[in-house]
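In case you want the letters, here they are:
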Amino acid sequence: MAVSGAVLVLFLIGHMVGNLKIFLGEGTFNSYAEWLRTVGEPALPARTMLTLTEIVLALAVIAHMWSAVSLARRAAKARPVKYAARRKSQANGYVVHTMRYGGVIIVLFVVWHLLDLTFGAVNPKGYDATPYDRVVAGFDPSRWWVTAFYVVALVMVGLHLRHGLWSAFQTLGLANGRARHLLNVGAAVLSTLLVLGFLAVPLAVMIGAVK
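Residues numbered from 1 in each chain as written. Predicted model: local features only at pLDDT ≥ 70, side-chain atom pairs only at ≥ 80, totals over all residues. Heavy atoms only, no water.

## Concerning a nonpolar patch on the surface
Inference 1: Together, Val61, Met65, Val107, Val110, Val111, Leu114, Leu115 and Phe119 make up a nonpolar patch on the protein surface, roughly 630 Å² of accessible area in all.
Inference 2: At the level of elements, helix H3 (48–78) and helix H4 (94–118) are the ones that each hand at least two residues to the nonpolar patch.
Inference 3: With five residues, the top contributor of residues to the nonpolar patch is H4.
Inference 4: By secondary structure assignment, the location of Phe119 is in the loop between H4 and helix H5 (131–138). (Patch = residues over 30% accessible without salt bridge, like charges linked within 9 Å, V, L, I, M, F, W, Y side chains within 5 Å. Areas by Shrake-Rupley, 256 points an atom, 1.4 Å probe, with all protein chains shown as cover. Salt bridge = Lys/Arg side-chain N within 4 Å of Asp/Glu carboxyl O. Helix = DSSP H or I, 4+ residues; strand = E, 2+ residues; numbered from the N terminus.)

## Some words on the pattern of salt bridges
Inference 1: Under the definition given, this model contains three salt bridges.
Inference 2: Close ionic contact of Asp116 with Arg143 constitutes a salt bridge, the shortest N to O distance being 3.6 Å. Of this pair, Asp116 sits in helix H4 while Arg143 sits in the loop between H5 and helix H6 (144–171), and the two are 27 residues apart along the sequence. Take Asp116 and Arg143: they sit in the same class, and that class is buried. (Buried < 20%, exposed > 50% of the residue type's maximum accessible area, 1.4 Å probe, protein only.)

## Quick word on the nonpolar core
Inference 1: Ile22, Val135, Phe139 and Val210 are the most contacted members of the largest nonpolar core, which has 28 residues in total.
Inference 2: Counting residues per element, the ones that place at least two in this core are helix H1 (2–19), H4, H5, H6 and helix H7 (179–206).
Inference 3: The contact partners of Ile22, leaving out residues within four places of it in the chain, are Phe29, Tyr132, Val135, Val201 and Val210. (Core = buried A, V, L, I, M, F, W, Y, C linked by side-chain atoms within 4.5 Å. Contact = heavy atoms within 4.5 Å.)

## Focus: the side chain of Arg143
Inference 1: In this structure Arg143 comes out as buried when scored by relative accessible area, which is 11%.
Inference 2: Side-chain polar atoms of Arg143 contact the backbone oxygen of Gly138, separated by 3.0 Å.
Inference 3: Filtering out sequence-adjacent residues up to four positions away, Arg143 remains in contact with Trp112, Asp116, Val122, Pro124, Ala137 and Gly138. (Polar contact = N/O pair within 3.5 Å; in protein donor to acceptor, adjacent residues only side chain to side chain.)

## What about the confidence of the model for the protein?
Inference 1: Across the protein, pLDDT averages 87, with 90% of residues at or above 70.
Inference 2: Element-level mean pLDDT values for the protein span from 79 in H4 up to 96 in H5. (pLDDT = per-residue confidence, 0-100.)

## Focus on the environment of Thr51
Inference 1: With respect to the helices and strands, Thr51 occurs in helix H3.
Inference 2: Put simply, Thr51 and Arg37 are 14 residues apart on the chain and 8.7 Å apart in space, counted from C-alpha to C-alpha.

In structure tokens:
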């Protein structure tokens, strides 16, 4: 769970940095998108590195989901009878709502994101448009509901990431002593920065700062 999550966090950081290139202009953003498809040439065929990255990400997602299901089953098997005393716990409150249901929302978000901006299947401009045009068309003010969905999904990503980072630090034995507070704050700061970074693009298109 921790290792697969770490792979996904690294991807999110790189993806966010790439998204923010849209503020450098249409040419820069489209050139970056083209570079993703051609990196490694001419030593490697076109799209080789991108395909390998996609495979690693897919495996990380599958491993992450498999780990979540396995841990839930192990927990249920370890405690088949509920505690007699009812008390609010992190496992029954924040974690359940954020990690489980939030995870479902995130999966739906990823599917829509791919259909919209990667494959162009549900994008007004379609697949043949440039990446910049697809982004602008996808978050056009007339499609406010798409942006609203992104906002909700990204907030869930942030909450998921906040708890996931902290859990990973604990799992890897890093959250001990004085480092505990710093890592807790660091998880919150990184999650917040990633959410704001990803939200910057759709909101900028909505208000006309990117057009």
